[in-house]
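Observations on the model geometry
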Amino acid sequence: MTFVSRGFKGRRQVEAAADRVPPGQYVTDDFPVLSAGPTPLILTENWRFTLITEANEELTWNWDEFQQLPHEQVTVDIHCVTKWSKLDTRWEGVSLDTLLAGVKTSARFALAYSHGGYTTNLPLADLTGGKAWVAFNYEGAPLRPEHGGPARLLVPHLYFWKSAKWVQGLRLMDQESPGFWESYGYHIYGDPWKEQRYAGD
Ligand SMILES: Nc1nc2c(c(=O)[nH]1)N[C@H]1C(S)=C(S)[C@@H](COP(=O)(O)O)O[C@H]1N2
Ligand SMILES: [Mo]
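This section reports on the structure supplied with the text. Predicted model only: the values in this text are computed from it and were never measured. (Residues numbered from 1 in each chain as written. Chains lettered and ligands numbered in written order. Predicted model: local features only at pLDDT ≥ 70, side-chain atom pairs only at ≥ 80, totals over all residues. Heavy atoms only, no water.)

Comments concerning the pairing of strand β4 (residues 72–79)
- Examined bridge by bridge, β4 and strand β5 (residues 84–95) share 7 bridges and lie antiparallel to one another. From the neighbouring strand, Val74 faces β5, where its bridge partner is Trp91.
- What sits between the antiparallel neighbours β4 and β5 is a turn of 4 residues, in which Lys83 has the positive phi angle 95°. (Pairing = 2+ DSSP bridges. Helix = DSSP H or I, 4+ residues; strand = E, 2+ residues; numbered from the N terminus.)

Given below as structure tokens:
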């Protein structure tokens, strides 16, 4: 006879979840919308994604070309600097490894830029190695405009402000250049496990 108490199983799941929540964060089931400006409505026929290297070489995909790239489905936890975390969010997108394959660069940094002027900086190493995607589906449906649709950056291991909504492209750079929130005093890197919320944390 098996003896499994539901209460025990439930508690184990809560404890497992506690390991997944960085310091100072709480878990929410909502999906709050945080945008510094209005939601742009971008039609997929006008959508482009452009990589600009440090030598000013450009590589651009339109929506159809982008959709022909291999897709990946990922389930990840996301952590907003305003202290909500959301566990097991399901996304579909194109890995930055795929987009950067064959791009000749020795740049160490990237600046993601979006419709509306939002930018955010990241080390290039944080965009490669299966850690970042340009995501276009969320929970099995096209990503809604308020969450960055048609497509946004998804970099779940850093605070969610690094996941630029309505992303238009990446500029690869030899030197790090602070993005929008980073230049307003947010941390240049933003590791939620080290609580790197503000410059100096
Ligand atoms: N283009 C753009 N991307 C953005 C933002 C923004 O204001 N504009 N806000 C960032 C912040 S602070 C967070 S927490 C997340 C919020 O994503 P959500 O609105 O889908 O929850 O998007 C990030 N990406
Ligand atoms: Mo945020």
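Structural notes on the environment of Leu153
- Secondary-structure assignment places Leu153 in strand β10 (residues 152–154).
- In this structure the C-alpha to C-alpha distance between Leu153 and Trp133, which are 20 residues apart in sequence, comes to 5.8 Å.
- If we ignore the near neighbours within four places in the chain, the residues touching Leu153 are Leu96, Ala112, Leu122, Leu127, Trp133, Val134, Lys162, Ser163, Ala164 and Val167. (Contact = heavy atoms within 4.5 Å.)

Let's talk about the nonpolar core
- Phe49, Phe66, Leu96, Leu99, Leu127, Val134 and Leu153 are the most contacted members of the largest nonpolar core, which totals 36 residues.
- For this core, the elements supplying multiple residues, two or more each, are β2 (48–52), α2 (63–67), α3 (96–100), β6 (109–114), β8 (133–138) and β11 (167–173).
- Of all hydrophobic cores here, the second largest spans 13 residues; its members include Val76, Ile78, Trp84 and Leu154. (Core = buried A, V, L, I, M, F, W, Y, C linked by side-chain atoms within 4.5 Å. Buried < 20%, exposed > 50% of the residue type's maximum accessible area, 1.4 Å probe, protein only.)

Focus: the sheet that holds β2
- What the 5 strands build is an open sheet, ordered β3-β2-β11-β6-β7; its pairing is mixed. The two strands at the open ends of the sheet, each matched to only one other strand, are β3 (58–62) and β7 (119–123). Neighbour-to-neighbour, the strand axes of this sheet turn through a mean angle of 15°, independent of strand direction.
- Here β2 pairs with β3 via 5 bridges, running antiparallel. (Axes fitted to C-alpha atoms, helices over the stretch in contact; angles between N-to-C directions.)

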